[in-house]
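Listed below, chain by chain, are the residues.
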Amino acid sequence: MDRNDVLSTPVAPCHKIIHTPYTGEAVARGVFAARKIARGELVEAAHCIFISRQEYTNHLRFTTLEHYIFHAKGDYLLALGVGSLFNHSSRPCLDFRIHREQLVINYIAARNIEEGEELTITYGTVWFEDRNMQSRREDGEDPMHHHMDDPDSFLGAVML
Ligand SMILES: C[S@@+](CC[C@H](N)C(=O)[O-])C[C@H]1O[C@@H](n2cnc3c(N)ncnc32)[C@H](O)[C@@H]1O
């Protein structure tokens, strides 16, 4: 994959945003498949805003954005657009890859996905625990991080 491949977004969006009452926010959203998606397909390429460790530690972690920030090896990234709206599943149908230099997160189908299925990622095993929250999806045992590109990179700042 070259630099420009990482920067480009999929030509035709294969997803739509739908109300997800189970996630509990006043305006609760999730991302759903608008058509069948084949394993390996690039579902979304989210451009990100870079946030330094200092800025995160001193400010952003005390704000709502803390629930939307990806941890990327000591730096923090806020995914723009649909990239910030994927909900968590312990058996996610998407992998995500953080391209730190390009400030892009790619979301890729981890298996074949049916139209109408929710497109989920994993936030890691302790994300909800660290926030005194509970995942409200019944997805069974977490098969651990095999679906993650890098076990050190996940949504939130569990390592701090
Ligand atoms: C990155 S946002 C995802 C989009 C969010 N649903 C929205 O509408 O803005 C993360 C927030 O979504 C909610 N969320 C995501 N996955 C969830 C799950 N499996 N169970 C309960 N809440 C979830 C939590 O409130 C979490 O703080």
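Owing to the predicted nature of the structure, the values given are computational and were not obtained by experimental measurement.

Student: Any chance you could break down the environment of serine 90 for me, citing the residues and the numbers?
Tutor: Here serine 90 shows up in the loop between β6 (87–88) and β7 (94–99). Considered as a pair, serine 90 and threonine 120 are 30 residues apart in the sequence and their alpha carbons are 8.9 Å apart.

Student: Give a detailed account of the pairing of strand β3 (residues 42–51), specifying residues and quantitative values.
Tutor: For β3 and strand β8 (residues 104–109), the ladder comprises five bridges, and the chain directions are antiparallel. Bridge pairing in β8 places glutamate 44 opposite tyrosine 107. Taken together, the four bridges between β3 and strand β5 (residues 75–79) define a ladder with antiparallel strand orientation. The residue bridging isoleucine 49 from the neighbouring strand is leucine 78, located in β5.

Student: Outline the pattern of salt bridges, supporting the account with residue identities and numerical values.
Tutor: Throughout the structure, instances matching the rule amount to eight salt bridges. The structure contains a network of salt bridges with shared partners spanning Glu118, Arg137 and Asp139.

Student: Which residues make up unusual backbone geometry, and what values do they have?
Tutor: Despite not being glycine, lysine 73 has its phi angle at roughly 50°, a positive value. Within the element layout of this structure, lysine 73 appears in the loop between β4 (69–72) and β5.

Student: Go over the site of the ligand with me, naming the residues and quoting the values.
Tutor: The environment of the ligand is formed by 21 residues, the closest being Arg29, His67, Tyr68, His88 and Arg136. In the model, a nitrogen atom of the ligand is placed 2.9 Å from a nitrogen or oxygen of the glutamate 25 side chain. Backbone polar atom of arginine 29 to an oxygen atom of the ligand: 2.7 Å apart, as the coordinates give it. In the complex, the protein chains occlude 97% of the 570 Å² of accessible area that the ligand would expose alone. Listing elements by their share of the shell around the ligand, those giving two or more residues are β6 and α3 (127–130). Tallied by class, the residues present in the shell around the ligand amount to 10 nonpolar, seven polar and four charged.

Student: Could you give me a rundown of the packing of aromatic side chains, with the residues and numbers involved?
Tutor: As enumerated under the stated definition, the model contains seven aromatic pairs in all. Arranged with centres 5.4 Å apart and planes meeting at 75°, the rings of phenylalanine 70 and phenylalanine 96 form a pair that is edge-to-face. Residue phenylalanine 70 is located in strand β4, and its partner phenylalanine 96 is located in strand β7; the two are separated by 26 residues in the primary sequence. Summarising the burial analysis for this pair, phenylalanine 70 and phenylalanine 96 share the class buried. Ring geometry for phenylalanine 86 versus tyrosine 107: centroids 4.6 Å apart, planes at 35°, classification tilted. One end of the pair, phenylalanine 86, is in the loop between β5 and β6; the other, tyrosine 107, is in strand β8, and 21 residues separate them in sequence.

Here is what the cut-offs are and how they apply
Residue indices begin from 1 for each chain and proceed along its sequence in written order. Only residues with pLDDT of at least 70 get local features here, since the model is predicted, and only at 80 or more are side-chain atom pairs given and counted; chain-wide, interface and lining totals rely on the full set of residues. For the side-chain quantities, the full set of heavy atoms in the structure was used; hydrogens and water were omitted. Put simply, DSSP marks the helices as runs of H or I at least four residues long and the strands as runs of E at least two long, and each gets a number from the N terminus on. Paired strands, in this sense, are two strands between which DSSP finds at least two bridges. A pairing counts as a salt bridge when a side-chain nitrogen of Lys or Arg comes within 4 Å of a carboxyl oxygen of Asp or Glu. We call a residue near a molecule or strand as soon as one heavy atom of that residue lies within 4 Å of the molecule or strand. Under the rule applied, a polar contact is a pair of N or O atoms within 3.5 Å (in protein, one hydrogen donor and one hydrogen acceptor; residues adjacent in sequence only if both atoms are side-chain atoms). Residue exposure ignores everything except the shown protein chains as possible cover, and the areas themselves are Shrake-Rupley values with a 1.4 Å probe. In this classification, the charged set is Asp, Glu, Lys and Arg, the nonpolar set is Ala, Val, Leu, Ile, Met, Phe, Trp, Tyr, Cys and Pro, and all remaining amino acids, among them Gly, are polar. Stacked, tilted and edge-to-face are the three classes applied to pairs of Phe, Tyr and Trp rings, where Trp contributes its six-membered ring and a pair requires centres within 6.5 Å; stacked means planes under 30 degrees apart, edge-to-face means over 60, and tilted covers the rest. Think of it in three bands: with a 1.4 Å probe and only protein chains considered, a residue is buried below 20% of the maximum accessible area for its type, exposed above 50%, and partly exposed in between.

These figures capture arrangement, not role.
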